[in-house]
Amino acid sequence: MNEIDLHGFTHDEAIFASENFILMESQNPLFQCKVITGNSVKLQTKIIDDVLKQHNFRWYIPSWNTGEIIVSN
């Protein structure tokens with residue numbers, strides 16, 4: 001599973017980078033990718049609202065690592 005690690009990004013940079021990454025990954029019809037956010041609920045909420053919901057992706061935050069989002073079609 002391909003992943004992007006957003007540590008060190010500002011929130012605006014992280015949203016832009018994650019959107020580009022997810023859209024590129026989604027070209028594969030069976031894609032699944034990981035967005036590593038760290039434990040920032042604020043950043044996770046922004047990515048979910050501004051990227052994932054806007055593009056109708058499915059996602060979940062695993063209970064064993066709340067610092068990442070798993071994204072799929």
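Structure shown above.
Residues numbered from 1 in each chain as written. Predicted model: local features only at pLDDT ≥ 70, side-chain atom pairs only at ≥ 80, totals over all residues. Heavy atoms only, no water.

### A short note on the sheet that holds strand 1 (residues 2-5)
Here is step 1: Taken in spatial order, the four strands of this open sheet run 1-2-4-3, and their pairing is mixed. With one partner strand each, in any of the chains shown, strand 1 and strand 3 (58-60) form the two edges of the open sheet. Direction aside, neighbouring strands of the sheet carry axes that sit 20° apart on average.
Here is step 2: Note: strand 3 against strand 4 (residues 68-72), three bridges, orientation antiparallel. If you follow tyrosine 60 over to strand 4, its bridge partner there is isoleucine 70.
Here is step 3: Strand contacts of helix 2 (residues 41-52): strand 2 (32-36), strand 3 and strand 4, with the helix running at about 15° to strand 4, the strand carrying the most contacts. (Pairing = 2+ DSSP bridges. Helix = DSSP H or I, 4+ residues; strand = E, 2+ residues; numbered from the N terminus. Axes fitted to C-alpha atoms, helices over the stretch in contact; angles between N-to-C directions. Contact = heavy atoms within 4.5 Å.)

### Observations regarding unusual backbone geometry
Here is step 1: Here the phi dihedral of asparagine 56 falls at roughly 60°; this positive angle occurs in a residue that is not glycine.
Here is step 2: The topology assignment puts asparagine 56 in the loop between helix 2 and strand 3.

### Notes on the pattern of salt bridges
Here is step 1: Applying the stated criterion across every chain yields a total of three salt bridges.
Here is step 2: The partner of glutamate 3 in a salt bridge is lysine 34, and the shortest N-O contact between them spans 3.9 Å. Remark: lysine 34 occurs in strand 2 and glutamate 3 occurs in strand 1; sequence separation between them is 31 residues.
Here is step 3: Notably, a salt bridge pairs aspartate 49 with lysine 53, separated by 3.4 Å at the nearest N-O pair.
Here is step 4: Among the residues examined, aspartate 49 registers a relative accessible area of 32% and is labelled partly exposed.
Here is step 5: For lysine 53, a relative accessible area of 47% gives the class partly exposed. (Salt bridge = Lys/Arg side-chain N within 4 Å of Asp/Glu carboxyl O. Buried < 20%, exposed > 50% of the residue type's maximum accessible area, 1.4 Å probe, protein only.)

In short, geometric facts, not functional conclusions.
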